[in-house]
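Reading the structure
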Amino acid sequence: MLVGPAQVSNEGAPPPAQLVHPDATESSIWPYTSRQRSVEGRTLALNVLVLGDPVAVRRALTNRSDEDWTGVSGDASIGDSPWRPARGAARYTYVTADHDTGGQWVESEYQLGTGAYLGRRVHVRAYPGPSGNWTALQAHTEYWDWYRLRHTVTGVAPGARFVERDLRGEPFVERTTRVYHGQYAGGSDGWMTVIEFAPAVLVLGIALPIGHRGWDVTDLVLPIALGTIVLGVRATGLAAETLIPTVDPKLFAAILYPVLAAGPPGVVALLARDRPATRTALFAAAGLGAGIVLDLGGVGVTVVPVRLALHRVALVGALGLFTLGVARGDRRILGAGLAAWVGLLGASLAGLV
């Protein structure tokens with residue numbers, strides 16, 4: 001439950017009186033989101049608190065019907081989730097783990113939506129606690145405004161009600177209540193919806209099935225797509241050169257090179273989002289690496305200079321890093337991987353490889 005303000009002192013932090021405890025631990029959270037890492041950028045109020053293991057909460061929101069809820073639901077049916085991964089601008093909130101270590105500004109760990117991006121949707125940003133078993137949500141309704149070319153928020157309370165209706169009645173939810181924290185701003189009326197997961201969910205519902213889940217056939221889609229891009233560019237170029245011999249082959253190269261340069265990160269951005277991060281990165285690296293090796297073998301290359309080999313290995317590593325960032329939703333890792341990819345391509349075009 002929300003049990004009052006946390007007594008912390010941290011320069012640049014929200015006033016201690018505005019911080020609330022989501023549960024019985026010493027962790028606390030500022031009940032708003034912000035456009036920047038400061039209270040001056042305050043936007044919307046956090047309006048839903050889900051008590052339960054953060055991993056369990058995320059799985060319940062995204063693929064609840066695929067999980068094993070043995071020991072929690074018995075023979076009760078589990079509904080399909082209406083939520084899908086969503087995109088939105090970065091929003092931050094302030095959290096503390098305990099009284100001694102102070103706090104920090106954090107970006108939402110993931111975003112979910114239901115509805116149409118260019119129409120009307122319910123949009124959720126999730127902020128798992130740094131300690132304790134809770135996840136704070138900022139849920140709101142919005143629509144796409146073509147004249148502003150961005151979303152316009154239509155309500156905070158309707159977003160909370162949608163989340164509450166979605167989870168109420170599921171067998172892994174123990175109770176749903178509303179708790180008064182007394183902070184008025186950002187669309188808040190001072191109340192927050194609290195959804196408590198059944199205790200057994202922490203062990204039986206989510207954690208064990210995820211820990212023992214192996215790879216499946218869907219993991220092969222990304223590496224196959226990456227290998228196909230590399231081999232497809234080569235095959236298309238050869239076919240075009242054969243079919244239209246009067247055209248300078250450099251024209252075909254100019255047309256196809258952007259596919260080779262932008263295709264792999266584009267496919268990763270499309271297919272790797274919200275996948276198991278480490279495994280997906282390894283599969284992506286394997287797919288690109290296999291494509292490169294098969295491509296060289298297809299044109300009869302048996303000996304590769306060390307400098308070229310190191311460059312290709314670096315390309316594979318850069319794409320793997322980019323994939324890791326996409327899968328985790330970590331913009332820093334994603335940016336580092338993309339920068340390395342572009343830099344390595346630029347180095348080869350400049351004749352440095």
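Computed from a prediction, not measured in an experiment: that's the story for all the values here.

**Brief notes about the overall build of the protein**
For the protein, the count of helices and strands is eight helices and 13 strands. Among the 353 residues that make up the protein, the fraction classed as buried is 46%. Put simply, 61% of the contacts in the protein that link residues at least 6 apart link residues at least 24 apart. Of the roughly 17,700 Å² that the protein leaves accessible, carbon and sulfur atoms contribute 60%.

**Quick look at the pattern of salt bridges**
Going through the model one piece at a time under the given rule, you end up with 10 salt bridges. Residue arginine 121 pairs with glutamate 142 through a salt bridge whose shortest N-O separation is 2.6 Å. With a gap of 21 residues between them, arginine 121 in strand β9 (residues 120–128) and glutamate 142 in strand β10 (residues 134–145) connect regions that are remote in the sequence. Exposure remark for arginine 121: the relative accessible area of 5% places this residue in the buried category.

**Section: the packing of helix α5 (residues 249–271) against helix α8 (residues 331–349)**
For the pair α5 and α8, interaxial distance at closest approach is 10 Å and the crossing angle is 160°. Taken together, the axes of α5 and α8 lie roughly antiparallel to each other. The chirality of how α5 crosses α8 is right-handed. Residue-level contacts link Tyr257, Leu260, Ala261, Pro264 and Pro265 of α5 to Leu338, Trp341, Leu345 and Leu349 of α8. Class assignment of the residues belonging to the contact of α5 with α8 gives a composition of nine nonpolar, no polar and no charged.

**Here we look at the side chain of serine 81**
Position of serine 81 among the secondary structure elements: in the loop between α1 (54–63) and β5 (84–85). Of the residues examined, serine 81 reaches a relative accessible area of 9% and is grouped as buried. A distance of 2.2 Å separates a polar atom in the side chain of serine 81 from the backbone oxygen of leucine 61. Excluding its chain neighbours within four sequence positions, the residues that come into contact with serine 81 are Leu61, Thr62 and Arg64.

**Some remarks on α5**
Compared with an ideal rise of 1.5 Å per residue, which puts 23 residues at 33 Å, α5 spans 32 Å between its outermost C-alpha atoms and is within 8% of the ideal. At glycine 263, α5 is bent by approximately 40°, the largest bend along its length, and proline proline 264 sits one to four residues beyond. Those residues of α5 that fall on the buried side of the exposure criterion are Phe252, Leu256, Ala261, Gly263, Pro264, Pro265, Val267 and Val268. In this structure, the buried side of α5 is in contact with α4 (221–243), α7 (306–328) and α8.

**Topic: the environment of glutamate 26**
Mapped onto the fold, glutamate 26 is located in the segment before β1 (28–29). Residue glutamate 26 is classed as partly exposed on the basis of its relative accessible area, which comes to 38%. Along the sequence, glutamate 26 and serine 131 sit 105 residues apart, while their C-alpha atoms lie 8.2 Å from each other.

**Brief notes about a nonpolar patch on the surface**
Judged by side-chain polarity, Tyr117, Leu118, Trp146, Tyr147 and Leu149 come together as a nonpolar surface patch covering roughly 690 Å² of accessible area. Along the chain, tyrosine 147 falls in the loop between β10 and β11 (150–155).

**Some thoughts on the packing of aromatic side chains**
Tallying each qualifying case throughout the model produces nine aromatic pairs. Ring geometry for tyrosine 180 against tyrosine 184: centres 6.3 Å apart, planes inclined by 65°, an arrangement best described as edge-to-face. Tyrosine 180 gets classed as partly exposed once you look at its relative accessible area, which sits at 42%. Three or more aromatic residues joined by ring pairs make a cluster, and in this case those are Trp30, Tyr32, Tyr94 and Trp105. When the ring centre of tyrosine 32 is taken as origin, the NZ or CZ atom of arginine 42, which lies over that ring, is 5.2 Å away.

**So, the side chain of arginine 121**
A distance of 3.5 Å separates the side chain of arginine 121 from the side chain of histidine 123, its partner in a polar contact. Engagement of the side chain of arginine 121 in a polar contact is seen with the side chain of glutamate 142, the distance being 2.6 Å. Discounting chain neighbours no more than four positions away, the residues touching arginine 121 are Ala86, Arg87, Thr114, Gly115, Ala116, His140, Thr141, Glu142 and His151.

**Comments concerning α7**
In an α-helix, one turn spans 3.6 residues, which is why side chains three or four residues apart end up on the same side. Relative to the 33 Å expected for 23 residues at 1.5 Å per residue, α7 spans 33 Å between its end C-alpha atoms, a close match to the ideal helical length. Those residues of α7 not exposed but buried are His311, Leu315, Val316, Ala318, Leu319, Gly320, Phe322, Thr323, Leu324, Gly325, Val326 and Ala327. After α7 finishes, the residue glycine 329 shows a positive phi value of roughly 70°.

**What to know about the environment of glutamine 18**
Here glutamine 18 is to be found in the segment before β1. You can call glutamine 18 partly exposed: its relative accessible area is 22%. When the C-alpha positions of glutamine 18 and glutamine 183 are compared, they lie 7.0 Å apart, and in sequence the two are 165 residues distant. Residues contacting glutamine 18, with those up to four places away along its chain left out, are Ile29, Trp30, Pro31, Tyr32 and Gln183.

**Describing the confidence of the model for the protein**
Detailed reading of the predicted coordinates is not advisable wherever pLDDT falls low. For the protein, the average pLDDT comes to 84, and 87% of its residues sit at 70 or higher. This model gives residues 6–11 a pLDDT under 50, and the stretch forms 11 contacts once residues within four places in sequence are excluded.

Thresholds, definitions, all that
Residues numbered from 1 in each chain as written. Predicted model: local features only at pLDDT ≥ 70, side-chain atom pairs only at ≥ 80, totals over all residues. Heavy atoms only, no water. Helix = DSSP H or I, 4+ residues; strand = E, 2+ residues; numbered from the N terminus. Buried < 20%, exposed > 50% of the residue type's maximum accessible area, 1.4 Å probe, protein only. Contact = heavy atoms within 4.5 Å. Areas by Shrake-Rupley, 256 points an atom, 1.4 Å probe, with all protein chains shown as cover. Salt bridge = Lys/Arg side-chain N within 4 Å of Asp/Glu carboxyl O. Axes fitted to C-alpha atoms, helices over the stretch in contact; angles between N-to-C directions. Parallel < 35°, antiparallel > 145°, perpendicular 65-115°, else oblique. Left-handed = near helix turned anticlockwise from the far one by under 90°. Nonpolar A, V, L, I, M, F, W, Y, C, P; charged D, E, K, R; others polar. Polar contact = N/O pair within 3.5 Å; in protein donor to acceptor, adjacent residues only side chain to side chain. Expected span 1.5 Å × (residues − 1). Bend = angle between axes of the 7 residues up to and from the residue. Patch = residues over 30% accessible without salt bridge, like charges linked within 9 Å, V, L, I, M, F, W, Y side chains within 5 Å. Phe/Tyr/Trp six-rings, centres within 6.5 Å; stacked < 30°, edge-to-face > 60°. Lys NZ or Arg CZ within 6 Å of the ring centre and 35° of its normal. pLDDT = per-residue confidence, 0-100.

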